Amino acid sequence: MRFYIRKLVAFVSTLILVSVITFLVFQILPGDPAQIILGVDADPQQIAALRETMGLDRSAGERYLTWIKDTLSGDFGTSIRYHRPVADMLVERLPVTLSLALFSLGLTLLVGLPLGIYIARKDGKLSALLLSLFTQLGVSIPSFWLAFILILLFSVTLKLFPTYGYTPWSEDPIGAIKSLFLPSLALAIPGIAVVIRYLRNTLLDQSRMDYVRTARSKGQHEQGIMYRHILRNALIPVITIVGLLIADTLGGSIVVENVFALPGIGSLLVTSIGTRDLPLVQTMVLYIAIIVVSINFIIDILYKVIDPRIRLKR
Amino acid sequence: MNFKQLFKSKPLVIGSSLIGALLMLMLISLFYTPYGPNEMNPSMRLAGPQLTHLFGTDNFGRDIFSRIMNGAQTAFLIGFSSVAIGLVFGVLIGAIAGYFGGWLDEIIMRIIDAMLAFPGILLAIMLVSVFGPGLNNTIIALGIMSIPSFSRIARSGFIQYKEFDFVKASIAKGAGALRIIFYHILPNMVSSLVVATSLRFSGSILAEAGLSYLGLGVQPPNPSWGRMLNEAQPFMINAPWYVLITGMVITIMVLGFNLIGDGIRDLYDRKG
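Treat the numbers as computed from the prediction; the structure is a model and nothing was measured.

Calculation criteria
Residues numbered from 1 in each chain as written. Chains lettered and ligands numbered in written order. Predicted model: local features only at pLDDT ≥ 70, side-chain atom pairs only at ≥ 80, totals over all residues. Helix = DSSP H or I, 4+ residues; strand = E, 2+ residues; numbered from the N terminus. Buried ≥ 20, exposed ≤ 12 C-beta atoms within 10 Å, placed from the backbone. UniProt positions renumbered as here; feature names shortened; annotations may be inferred. pLDDT = per-residue confidence, 0-100. Contact = placed C-beta atoms within 7 Å. Nonpolar A, V, L, I, M, F, W, Y, C, P; charged D, E, K, R; others polar. Expected span 1.5 Å × (residues − 1).

Participant: Can you lay out the overall build of chain B for me, pointing to particular residues and giving the numbers?
Facilitator: Along chain B, the regular secondary structure elements total 11 helices and zero strands. Counting from the amino terminus, chain B carries its helices and strands in the arrangement α-α-α-α-α-α-α-α-α-α-α. The principal-axis extents of the C-alpha atoms in chain B amount to approximately 75 × 50 × 30 Å. Looking at chain B residue by residue over its 272 residues, the buried ones come to 48%.

In structure tokens form, the structure reads like this:
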């Protein structure tokens with residue numbers, strides 16, 4: 001029980017800190033937001049009035065509290081540029097980013113886990129070389145450049161997938177999958193490299209453990225040792241990198257969405273920075289950070305449920 | 001550790017050769033490039049790789065090879081400066097947290113954890129959106145982005161080493177905290193910090209490429225590989241070499257630093 005309470009306290013305090021950091025960073029912003037909205041030749045009285053409705057005349061602490069209160073009640077403010085509630089715009093765009101993230105995570109695990117297990121069991125010189133070549137390149141290639149290569153290969157040359165753009169699920173599910181496949185693959189390849197590397201290391205560590213020697217001396221065949229004993233223990237730590245992969249995917253999707261002109265959070269974020277749409281940027285940054293913190297919290301809890309041996313450190 | 005051992009590590013040799021080659025290109029570009037990086041030649045738009053233009057030309061007829069040489073200056077400058085910022089502040093913060101411990105450690109590490117909640121280049125994007133784009137702001141944003149990884153490594157090192165007898169002995173002899181931190185403990189952590197520096201270097205290069213590709217990083221006329229990829233994208237079908245070569249150079253630099261980092265880690269792991 002103490003484990004869960006401590007994790008919950010850490011989760012809540014991290015959430016609060018994340019919101020404070022986001023709020024403070026946008027406080028350093030040079031210039032007066034009211035002035036930016038109304039333009040340079042605005043009447044000072046108008047500016048003063050807008051400052052009051054936006055709450056800019058109050059202290060930073062007060063503004064933080066109202067911002068948090070509003071955000072918690074689902075009111076994310078209004079976009080300066082689009083004159084629309086930020087919440088509505090997020091609801092429109094979130095499905096794209098989430099489908100992209102889930103799709104690429106699915107690809108990463110579906111390809112990475114079997115491939116990692118297969119490769120780890122091979123001990124040849126050639127396979128070791130290919131493995132290190134692939135994993136080193138996988139973590140070194142910029143995912144958006146990988147996206148370019150995939151477009152050139154699969155869209156331009158083989159004409160299998162659209163070059164850019166997004167088909168909503170409601171219109172055409174197959175079109176949606178087609179439009180998400182290349183972006184997901186571009187995000188998944190670095191992830192696959194990470195999974196393979198990790199799995200190989202944990203499998204090697206586990207196969208040196210005493211329980212493997214015991215199983216072997218009992219006369220169990222190698223296949224059984226691998227699947228019944230080693231894999232079970234090696235897969236538990238993999239759960240932790242799922243959290244890491246989700247964070248990487250969300251971060252990477254900011255750039256990759258722009259390559260494919262996908263109407264998700266990432267592309268909105270970049271256009272909003274260009275138009276200095278502060279409420280929109282602030283909310284999206286907070287939103288992504290909250291997703292990351294929450295997923296890590298869930299993973300911590302899951303980890304403990306699956307493997308009760310885990311104790312609090314220190 | 002002697003030089004023979006260094007040469008036996010394949011990742012280290014390959015990585016250093018890649019980085020060495022890019023470093024040479026960068027140094028040469030300070031004095032000489034085949035063409036001016038912004039020299040336009042309207043009659044040579046989007047020309048393919050050939051003897052006079054090794055990597056071809058872009059949509060303004062500018063020589064891509066010269067622009068890549070020039071872009072190496074920005075890449076090394078940003079990598080070096082942002083990693084230096086991250087190293088200095090990260091190690092300082094981690095040393096304070098790890099050495100003194102207690103509530104100070106608790107608070108500092110909570111903040112570091114909160115910083116890690118902003119995935120990938122999101123932290124840099126947030127900072128750049130506030131400071132505005134440009135070379136200096138990109139360096140600062142990427143520097144702040146590298147602080148958490150350095151401070152975590154420094155902290156765990158300090159927690160480990162402060163229990164060692166040689167540290168306890170110097171405390172007993174009356175050495176001050178500063179002397180112990182910098183003179184006694186820090187030298188023991190050089191290897192893990194070198195590895196982290198190399199890996200962070202590739203992280204910074206990747207992040208800069210992403211930021212500049214999005215138009216949020218380095219602005220013209222400063223050359224940047226990420227920005228070149230942004231400019232190359234519309235011509236991807238007609239001039240695939242532009243996109244392919246530029247991205248390959250970024251990959252080589254990232255790969256080089258990753259290999260150096262991994263190579264050094266392997267050497268120390270084998271020793272320890």
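Participant: Got a sec to walk through the UniProt feature "transmembrane region" (unreviewed entry) in chain B? Specific residues and values, please.
Facilitator: Residues and elements named next belong to chain B. Using the residue numbers shown here, the UniProt feature "transmembrane region" (unreviewed entry) corresponds to residues 12–32, 75–100, 112–132, 138–154 and 239–261. Between the first and last C-alpha atoms of residues 112–132 the distance is 24 Å; the span itself is 67% helix and 0% strand. Spanning residues 138–154, this segment combines 100% helix with 0% strand, and its end C-alpha atoms are found 24 Å apart.

Participant: Can you tell me about the confidence of the model for chain B, naming the residues and giving the values?
Facilitator: Any segment with low pLDDT has predicted coordinates that should not be analysed in fine detail. A residue-level look at chain B finds 98% of positions with pLDDT of 70 or above and a mean pLDDT of 87. Ranking the helices and strands of chain B by mean pLDDT puts helix H3 (residues 64–100) of chain B first, with 93, and helix H1 (residues 3–8) of chain B last, with 71.

Participant: Describe the interface of chain A and chain B, and please don't skip the residues or the numbers.
Facilitator: Taken together, the 38 residues of chain A in the interface contact 34 residues of chain B. Residue assignment for the side of chain A that touches chain B shows that the elements contributing at least two residues are helix H1 (2–27), helix H6 (125–140), helix H7 (143–157), helix H10 (222–259), helix H11 (265–274) and helix H12 (278–306) of chain A. Class assignment for the residues of the side of chain A that touches chain B results in 30 nonpolar, seven polar and one charged.

Participant: Outline helix H4 (residues 60–72) of chain A, supporting the account with residue identities and numerical values.
Facilitator: Taking 1.5 Å of rise per residue, 13 residues should cover 18 Å, and H4 of chain A covers 18 Å from first to last C-alpha, within 8% of that figure. Note on H4 of chain A: the residue one or two positions beyond its end, glycine 74 of chain A, has a positive phi of about 90 degrees.

Participant: So what's going on with the UniProt feature "domain: ABC transmembrane type-1" (unreviewed entry) in chain B? Residues and values would help.
Facilitator: UniProt records the feature "domain: ABC transmembrane type-1" (unreviewed entry) at residues 72–261 of chain B, using the numbering of this structure. The distance separating the terminal C-alpha atoms of residues 72–261 of chain B is 20 Å; by composition the span is 79% helix and 0% strand.

Participant: I'd love a proper account of unusual backbone geometry, names of residues and values included.
Facilitator: The phi angle at alanine 261 of chain A is positive, at roughly 50 degrees, despite the residue not being glycine. Along the chain, the position of alanine 261 of chain A falls in the loop between H10 and H11.

Participant: Describe the UniProt feature "transmembrane region" (unreviewed entry) in chain A, and please don't skip the residues or the numbers.
Facilitator: All names here are of chain A. UniProt records the feature "transmembrane region" (unreviewed entry) at residues 7–29, 98–119, 131–156, 176–199, 234–256 and 284–306, using the numbering of this structure. Between the end C-alpha atoms of residues 234–256 the distance is 32 Å, and the span holds 100% helix and 0% strand. The span residues 284–306 is 100% helix and 0% strand, and its two end C-alpha atoms sit 33 Å from each other.

Participant: Help me get a handle on the confidence of the model for chain A, residues and values and all.
Facilitator: With 93% of its residues at a pLDDT of 70 or more, chain A shows a mean pLDDT of 81. Taking the mean pLDDT of every element in chain A, the minimum, 68, falls on helix H2 (residues 33–38) of chain A and the maximum, 88, on H7 of chain A.

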